[in-house]
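Descriptive structure summary
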Amino acid sequence: MSAVQTRQVGPDDGGQRLDRWLKRQFPQITQILIEKACRKGEIRVDGGRVKASSRVEAGQTVRIPPLPDTPAAPPVAKTGIAPDDAEMIQRAVIWKDAHIIALNKPAGLPSQGGSGQGSRHVDGLTEALTFGFKERPVLVHRLDKDTSGVLLLARTPRVARRLAEGFRHREARKIYWALVAGVPQPAKGTIRYGLLKTGGRGAGEKMRCIHPAEVDRTEGAKRAMTEFAVLERLAGRAAWMALSPITGRTHQLRAHMAEIGHPIMGDGKYGGSAQENLGDGWGAGIGGAVSRKLHLHARSLRIMHPVTDNLLELTAPLPEHMAQSWKLFGWDARDVPANPFEEDS
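Here the structure is a predicted model, which means the values were calculated and not measured.

A few words now on the nonpolar core. Among the nonpolar cores identified, the biggest contains 33 residues, and Ile-89, Leu-103, Met-241, Leu-243 and Leu-296 are the most heavily contacted of them. Excluding its chain neighbours within four sequence positions, the residues that come into contact with Met-241 are Tyr-176, Trp-177, Ala-178, Val-180, Pro-184, Phe-228, Ala-229, Val-230, Leu-231 and Met-257. If you look at the next biggest cluster of nonpolar residues, it comprises 18 residues, including Trp-177, Leu-179, Ala-242 and Trp-326.

A separate point is empty space enclosed by the protein. Enumeration according to the criterion identifies one cavity of 30 Å³ or more in this entry. In this structure, the largest cavity spans a volume of roughly 40 Å³. Lining the largest cavity are His-141, Leu-143, Val-150, Lys-174, Tyr-176, Ala-298, Ser-300 and Leu-301. Contributing elements (two or more residues each) for the lining of the largest cavity: β9 (173–181) and β15 (296–304). Residue composition of the lining of the largest cavity, grouped by class: five nonpolar, two polar and one charged.

A separate point is the side chain of His-305. Summarising the element assignment, His-305 is placed in the loop between β15 and β16 (311–315). Given a relative accessible area of 4%, His-305 falls into the buried group. Among the polar contacts listed, one links the side chain of His-305 to the backbone nitrogen of Val-307, at a separation of 3.0 Å. Excluding residues that lie within four positions of it along the chain, His-305 makes contacts with Trp-95, Asp-97, His-99, Ile-100, Asn-310 and Leu-312.

Let's shift gears to the packing of aromatic side chains. Considering all chains together, one arrives at five aromatic pairs under this definition. Pairing Trp-240 with Trp-326 gives two aromatic rings, centres 5.4 Å apart and planes at 65°, and the pair type is edge-to-face. Taken as a pair, Trp-240 in strand β14 (residues 238–245) and Trp-326 in helix α6 (residues 320–329) lie far apart in primary sequence, 86 residues in all. Trp-240 gets classed as buried once you look at its relative accessible area, which sits at 0%. Pairing Trp-326 with Trp-331 gives two aromatic rings, centres 5.4 Å apart and planes at 85°, and the pair type is edge-to-face. Here the two residues Trp-326 and Trp-331 agree in accessibility, since each one is buried. Among the aromatic side chains, those forming a connected cluster through ring pairs are Trp-177, Trp-240, Trp-326, Phe-329 and Trp-331. Geometry around Phe-133 places Arg-155 over its ring, the cationic atom sitting 3.9 Å from the centre.

Sheet architecture is open: four strands sit in the order β1-β4-β2-β3, paired in antiparallel fashion. What marks the edges here is a single partner per strand, and that holds for β1 (5–8) and β3 (48–49). Relative to the sheet, helix α1 (residues 18–25) contacts β1, β2 (44–45) and β4 (61–64), its axis offset from that of β4 by approximately 70°.

This brings us to α6. Where α6 is concerned, the buried positions are His-321, Met-322, Ser-325, Trp-326 and Phe-329. Viewed end-on, α6 has its buried residues packed into an arc of 140°, placing them on one side of the element. In this structure, α6 carries Glu-320 and Lys-327 as exposed residues pointing more than 90 degrees from its buried face. Considering only its buried residues, α6 is in contact with β9, β13 (226–234), β14 and β15. Of the residues one or two after α6, Gly-330 is the one with positive phi, at around 75°.

Right, let's talk about the environment of Ala-298 for a bit. Relative to the assigned elements, Ala-298 resides in strand β15. Given the relative accessible area of 4%, Ala-298 is considered buried. Separated by 124 residues in the primary sequence, Ala-298 and Lys-174 have C-alpha atoms spaced 7.3 Å apart. Ignoring anything within four residues of it in the chain, the contact list for Ala-298 reads Leu-143, Thr-147, Ser-148, Gly-149, Val-150, Ile-175, Tyr-176 and Ala-316.

The rules behind the values
Position numbers for residues start from 1 in each chain and track the written sequence from start to end. With the structure being a predicted model, the display of local features is reserved for residues of pLDDT at least 70 and the display and counting of side-chain atom pairs for 80 or more, all residues being used for whole-chain, interface and lining totals. Side-chain numbers come from the whole structure's heavy atoms, not from hydrogens or water. Within this scheme, the nonpolar core is defined by two criteria: the residues are buried Ala, Val, Leu, Ile, Met, Phe, Trp, Tyr or Cys, and they are joined through side-chain atoms within 4.5 Å. Per-residue accessibility, obtained with a 1.4 Å probe over protein chains only, is compared with the maximum for each type, and a residue is labelled buried under 20%, exposed over 50%, and partly exposed between these values. Whether two residues are in contact is decided by their heavy atoms: any pair within 4.5 Å suffices. Of the grid points, spaced at 1 Å and generated over the protein atoms alone, those admitting a 1.4 Å probe that cannot get out make up cavities, while open sets with protein on both sides within 12 Å along at least five of seven lines make up pockets; any residue with an atom within 4 Å of a point is treated as lining. Grid points are joined across faces, edges and corners, and a volume is the space filled by probe spheres set on the points. Each helix is a run of DSSP H or I of at least 4 residues and each strand a run of E of at least 2, with the numbering of both proceeding from the N terminus. The classification used treats Ala, Val, Leu, Ile, Met, Phe, Trp, Tyr, Cys and Pro as nonpolar, Asp, Glu, Lys and Arg as charged, and all other residues, Gly among them, as polar. Polar contacts here mean pairs of N or O atoms no more than 3.5 Å apart (in protein, one a potential hydrogen donor and the other a potential acceptor; neighbouring residues in sequence count only if both atoms are side-chain atoms). Centres within 6.5 Å are what make two rings of Phe, Tyr or Trp a pair, Trp counting through its six-membered ring; a difference in plane orientation under 30 degrees is then read as stacked, over 60 as edge-to-face, and the rest as tilted. Consider the ring centre and the ring normal. A charge sits over the ring if Lys NZ or Arg CZ is within 6 Å of that centre and within 35 degrees of that normal. Strands are labelled as partners when DSSP assigns at least two bridges between them. In this analysis, axes come from line fits to C-alpha atoms, helices being fitted only over the stretch in contact, and the angle between any two N-to-C directions falls in the range 0 to 180 degrees. Note that the arc is computed from the directions linking the helix axis to the C-beta atoms.

Written out as structure tokens, the structure reads:
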């Protein structure tokens, strides 16, 4: 049993929950012990009583009561992650360092749990992505369940805050690839329709586009902006698009493309069932050869590394169903610019 001691919260540890900070400092400590010590006033921050969920800030002094010397037994089964799921999420890693992990999120796997999302999601599988760290990494942004591609996780609270600030201040450049019905004209432009939630939660959530001139007069509507560029076309029936969301609204790309008359293939929610468009319309002729899964992929992400200040550029290969469509149409990633918006950046 150790003696009473005090420790100062380091500059990189501010903003954490007290219980998580303590577990990083003392691996043998248990949640029950922390909560009991807080209730009895044995754990104090700057001399004051605290809860296990209280946040600590850099420079604060934490009083720690005597602790057991024996490490807690490793929670072998606490994650409940099936071996196949652990292997799957580890295979999805496309880049990592001591601060960030980047995944190529599989289509069909939710980023987080919630209404209609089930219990299997990226956030619930992060225990398999600790790679020697004491705490699991945390999501700093999300992708829709059926959207694949680059997804970032932070390995420390400080990095999570800095990455979140980068996304919030629009310092990241995201480029998505999509297969859409028809070919937009002009081939390059910006969509500025606002978005309004029309009801539903989780899987039932849906957004309605609002004309830019009506956004400020429409309660609940939020401004949204998407840049688009046609990369390749299949006559007038379909197009390979690069989409860059300047804002980050729910279902933004899907709703915007549907609003301009070119829904994303496989997007039943926003009218992308082009495979069933018979006759001479833009969907005719591609029918059953194209998968009915959503053809939307977060292809690349460019952001300044929050610790090294180096430019971080990440690229995720297409998911299998989109790669098959690209092969069917004879499209090759080597034939298009990585960033068709470069001249506008």
